Amino acid sequence: MQEPEKVLEIRSVDRSFGGLRALKEVSLHVNRGEIFGLVGPNGSGKTTIVNSVTGFYPPDKGDILFEGRSIKGMAPHRVARLGIARTFQNLALFRGMSVLDNILVGRHIHMHPSALAALFYWVWAEREELRHRDIVEETIDFLQLQDVRDTPIEIVPLGLQKRIELARALVSEPRMLILDEPMAGMNQEEKEYMARFILDAREERGLTVLLIEHHMDVVSALCDRMTVLSYGEQIAGGKPAEALSNPRVIEAYLGTKGREHAA
Amino acid sequence: MLYRLAGIRHTTYRSARQLFPIPFDRKLLGFVILLGVAAPFYLSPLHLNSYLLPWVIWTTAALGLNLLMGWAGQVHLGYAAVMAIGAYAAIHATRFGLPLEAALLVGGLASSVIGLAFGAAALRVKGLYLAVTTLAMQSIVDWTIVHVPAISGGSQATLQAPTLRLFGLPIETDAGRYWYALGLCAIVTVFLLNVSRTSFGRALVAVREKDFAAAIIGVSPFKFKLLAFWCSSFIGGVTGAILAFCYYRAITPEQFHLEVSIQVVAMVIVGGLGSVLGSYFGAGLVLLAPIFLNNWVASLASALNLSLQTDVLSQIPLVLYGGLIVGFLLFEPLGLAKIYDNVRNYFLVWPFRHAR
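Scoring rules and cut-offs
Residues numbered from 1 in each chain as written. Chains lettered and ligands numbered in written order. Predicted model: local features only at pLDDT ≥ 70, side-chain atom pairs only at ≥ 80, totals over all residues. Heavy atoms only, no water. Helix = DSSP H or I, 4+ residues; strand = E, 2+ residues; numbered from the N terminus. Rg over C-alpha atoms; globule rule 2.2 N^0.38 Å. Buried < 20%, exposed > 50% of the residue type's maximum accessible area, 1.4 Å probe, protein only. Contact = heavy atoms within 4.5 Å. Areas by Shrake-Rupley, 256 points an atom, 1.4 Å probe, with all protein chains shown as cover. Lys, Arg positive; Asp, Glu negative; His and termini not counted. Charge placed at Lys NZ, Arg CZ, Asp CG, Glu CD. Salt bridge = Lys/Arg side-chain N within 4 Å of Asp/Glu carboxyl O. Patch = residues over 30% accessible without salt bridge, like charges linked within 9 Å, V, L, I, M, F, W, Y side chains within 5 Å. Buried area = accessible area lost by both parts, 1.4 Å probe. Polar contact = N/O pair within 3.5 Å; in protein donor to acceptor, adjacent residues only side chain to side chain. pLDDT = per-residue confidence, 0-100. Expected span 1.5 Å × (residues − 1). Pairing = 2+ DSSP bridges. Axes fitted to C-alpha atoms, helices over the stretch in contact; angles between N-to-C directions.

1. Quick word on the overall build of chain A
Consideration 1: For chain A, the helix and strand inventory stands at ten helices and ten strands.
Consideration 2: Relative to a compact globule of 263 residues, whose C-alpha radius of gyration would be 18 Å, chain A shows 20 Å and is just as compact.
Consideration 3: Overall, the C-alpha framework of chain A stretches about 70 × 45 × 40 Å when taken along its three principal axes.
Consideration 4: Buried residues in chain A amount to 55% of all 263 residues.
Consideration 5: A fraction of 67% describes how many contacts in chain A between residues 6 or more apart in sequence connect residues 24 or more apart.
Consideration 6: Summed over its atoms, the accessible surface of chain A is roughly 11800 Å², and 49% of this surface lies on carbon and sulfur atoms.
Consideration 7: Separation between the mean location of the 32 positive side-chain charges and that of the 37 negative ones in chain A comes to 6 Å.

2. Looking at the overall build of chain B
Consideration 1: Across its full length, chain B holds 16 helices and four strands.
Consideration 2: Taking the principal axes of the C-alpha coordinates as reference, chain B spans close to 65 × 60 × 45 Å.
Consideration 3: Within chain B, the proportion of its 356 residues that are buried is 49%.
Consideration 4: Expressed as a percentage of contacts within chain B between residues at least 6 apart in sequence, the contacts between residues at least 24 apart total 75%.
Consideration 5: Per element, the accessible surface of chain B, about 16500 Å² overall, is 70% carbon and sulfur.
Consideration 6: Considering chain B, the positive charge centre built from 22 side chains and the negative charge centre built from 12 side chains are found 16 Å apart.

3. Things to note about the pattern of salt bridges
Close approach of charged atoms allows side chains of opposite charge to pair.
All names here are of chain A.
Consideration 1: Under the criterion given, the structure shown has 22 salt bridges over all chains.
Consideration 2: One salt bridge connects R225 with E34, and the closest N-O pair in it is separated by 2.5 Å. Of the two residues, R225 sits in strand β9 (residues 225-230) while E34 sits in the loop between β2 (20-31) and β3 (35-39), which places them 191 residues apart along the sequence.
Consideration 3: Accessibility expressed as a relative area gives 8% for E34, which makes it buried.

4. So, a nonpolar patch on the surface
Residue and element names in this part refer to chain B.
Consideration 1: On the surface, a cluster of nonpolar side chains totalling about 550 Å² of accessible area is made up of F24, L28, F31, V32, L35 and Y42.
Consideration 2: Considering each element in turn, the nonpolar patch owes the most residues, five residues, to helix α2 (residues 23-37).
Consideration 3: Within the fold, L28 resides in helix α2.
Consideration 4: By relative accessible area, L28 is classed as partly exposed at 36%.

5. Quick notes on the interface of chain A and chain B
Consideration 1: Taken together, the 40 residues of chain A in the interface contact 32 residues of chain B.
Consideration 2: Of the roughly 3200 Å² buried at the junction of chain A and chain B (both faces included), carbon and sulfur atoms supply 66%.
Consideration 3: Considering only the surface of chain A that becomes buried against chain B, H77(A), F94(A) and H108(A) emerge as the three largest contributors, covering 16% of it.
Consideration 4: On inspection of chain A and its partner chain B, the count reaches four salt bridges.
Consideration 5: In this structure, the salt-bridge partner of R14(B) is E126(A), at a minimum N-O distance of 3.3 Å.
Consideration 6: At the junction of chain A and chain B, the tally comes to eight residue pairs in polar contact (both at pLDDT 80 or more).

6. So, the confidence of the model for chain A
Consideration 1: Looking at chain A, pLDDT values average 90 and 97% of them are 70 or higher.
Consideration 2: Element-level pLDDT for chain A is lowest in helix α10 (residues 247-262) of chain A, with a mean of 74, against a maximum mean of 95 in helix α3 (residues 99-105) of chain A.

7. Considering helix α6 (residues 100-122) of chain B
Residue and element names in this part refer to chain B.
Consideration 1: Relative to the 33 Å expected for 23 residues at 1.5 Å per residue, α6 spans 32 Å between its end C-alpha atoms, a close match to the ideal helical length.
Consideration 2: Looking at α6, one finds that the buried residues are L100, A103, L104, G107, G108, S111, S112, G115, G119 and A122.
Consideration 3: In the core, the buried residues of α6 are packed alongside α5 (79-95), α7 (127-147), β2 (164-166), α9 (174-195) and α12 (221-248).

8. A look at the environment of R95(B)
All names here are of chain B.
Consideration 1: You can see R95 is positioned in helix α5.
Consideration 2: For the pair R95 and Q160, spaced 65 residues apart in sequence, the C-alpha to C-alpha distance is 10.0 Å.
Consideration 3: With near-sequence residues (within four places) excluded, R95 lies in contact with L159, Q160 and P162.

9. Observations regarding the sheet that holds strand β8 (residues 208-212) of chain A
Residue and element names in this part refer to chain A.
Consideration 1: The strand order across the open sheet formed by six strands is β6-β7-β8-β3-β9-β10, and the pairing between neighbours is mixed. Edge positions in the sheet fall to β6 (84-86) and β10 (233-238), since each of these pairs with one other strand and no more. Pairs of neighbouring strands in the sheet enclose a mean axial angle of 15°, with direction left out of account.
Consideration 2: Bridge count between β3 and β8: four bridges; the pairing is parallel.

10. Regarding the pairing of β3(A)
Residue and element names in this part refer to chain A.
Consideration 1: In terms of residue burial, β3 counts as a mostly covered element, since five of its five residues are buried.
Consideration 2: Bridge count between β3 and β9: four bridges; the pairing is parallel. By the bridge assignment for β9, G37 is matched with M226.

Below, the structure is given as structure tokens:
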């Protein structure tokens with residue numbers, strides 16, 4: 001069998017904040033086309049991993065490779081240009097713009113923003129704007145956001161805002177998508193919608209997905225492989241069923257007493 | 001304002017993305033443009049020269065600052081210094097023999113280069129610290145202009161602006177000067193209207209709202225803050241030059257002091273951050289309110305038999321600006337433009353409020 005291509009590879013990454021060692025020698029890799037789950041109790045370092053991949057908190061030690069190229073210490077806006085998109089745990093949409101404009105910002109790396117183009121809009125910018133509008137509309141259709149398109153972002157309900165953030169990440173045509181708790185605060189129906197969108201996005205766009213999620217039902221249903229973190233340490237990994245039945249995982253989530261109950 | 005949105009349909013992205021998608025707005029705008037262009041024919045020279053002309057010029061300045069404060073979200077308390085650089089550079093350039101159009105560009109470039117130098121230093125800090133750093137720029141530029149005789153001719157000197165020219169033809173009439181200023185204002189207005197609907201403007205707003213989220217979709221926050229500084233300073237410089245050529249016609253360092261910076265900030269905030277229309281409203285209110293207020297206070301004082309000294313009278317506008325800034329920030333942070341918008345939205349469905 002052919003060796004699967006590693007899209008993202010994290011090699012024994014270490015990161016401390018003051019005296020707190022948030023990541024301890026974490027190593028993992030995500031193969032092309034995979035949905036890779038990253039789980040663990042609160043404060044276990046999941047978001048820190050994502051932040052060191054996307055350049056916000058460069059690792060102290062270790063290396064991060066994207067498609068075979070080291071991206072360690074690269075500024076976030078450069079990482080984005082390589083083809084990594086992400087969403088945030090606490091929504092990070094731009095107030096003061098409509099839903100459509102929020103998604104259009106996602107096309108930034110494919111456009112040529114300049115002040116002169118704004119001044120001579122009709123000559124320089126209009127065609128580009130309309131061409132990218134077409135592309136954005138495809139994603140709006142895909143994520144079923146048609147009826148909120150022109151709504152100011154502030155008054156869109158939370159569940160939809162998560163979907164808009166996914167849309168903004170998708171329109172940048174990334175090869176790797178990092179989702180930081182895309183289903184936090186959602187009800188069952190919204191969760192199911194979101195799960196379907198994630199699967200469809202991988203199917204239709206050939207994405208590789210790194211998924212952080214707390215809902216274990218979602219993780220075990222969606223992910224091909226996963227890693228479980230606790231206090232910055234990898235305590236289990238592999239297929240969801242194996243990883244989640246690991247005694248150390250049960251201990252991390254439920255304590256030693258819980259482990260007895262689970263057993 | 002009794003018109004409806006019903007029946008207005010856009011079938012192409014192009015028509016939906018127009019600057020004014022509502023036909024009524026276009027007609028209203030056409031009417032206002034007509035009023036503006038024809039103003040010299042129906043206004044007395046006094047009204048034209050001391051109300052409308054400064055309004056148009058300060059609107060341009062407010063628009064320039066609004067790009068930085070409203071769109072990119074960076075405070076600038078030294079905008080008068082930016083304008084001063086433009087004014088002095090342009091006047092010296094024309095004296096050097098450059099045609100006026102080139103001199104305006106020189107003024108704009110001088111402002112943007114110096115503004116950018118300060119901006120690059122200032123943008124390493126945020127919020128309050130940025131405000132203080134731009135304040136330092138104001139002081140440094142003020143000091144330099146006064147103390148370098150080659151620029152100002154000395155602290156007491158006035159520098160005469162050469163005649164305004166369009167492609168070498170001298171413009172000597174009030175109407176001509178007004179139209180010149182109006183032309184620049186129109187260009188800047190079109191620019192800012194278009195900024196809102198292009199990737200440039202969206203990137204600025206993204207950086208203003210959440211710079212980390214902007215970075216993750218590929219917008220370099222530092223680059224776009226600098227670009228905003230650059231563009232805003234360029235507009236400020238050209239506007240400063242226009243102010244010198246069309247309005248003051250002889251400039252002294254006092255015309256560009258800190259009070260003036262505060263005045264432009266007041267225009268932007270009172271009018272509405274990030275609103276083109278707001279800059280028109282804000283400049284109008286901040287310029288015209290003190291005039292009416294002073295007349296009103298003076299007549300009140302004489303009615304009550306109080307004798308007010310002129311320096312008390314001259315401080316009243318400053319108190320007013322402060323009050324306006326505080327009031328608007330507290331009660332309507334989006335300014336007069338938002339109030340206009342609310343009224344308009346109300347009447348769009350009046351009297352069927354439930355239809356919204």
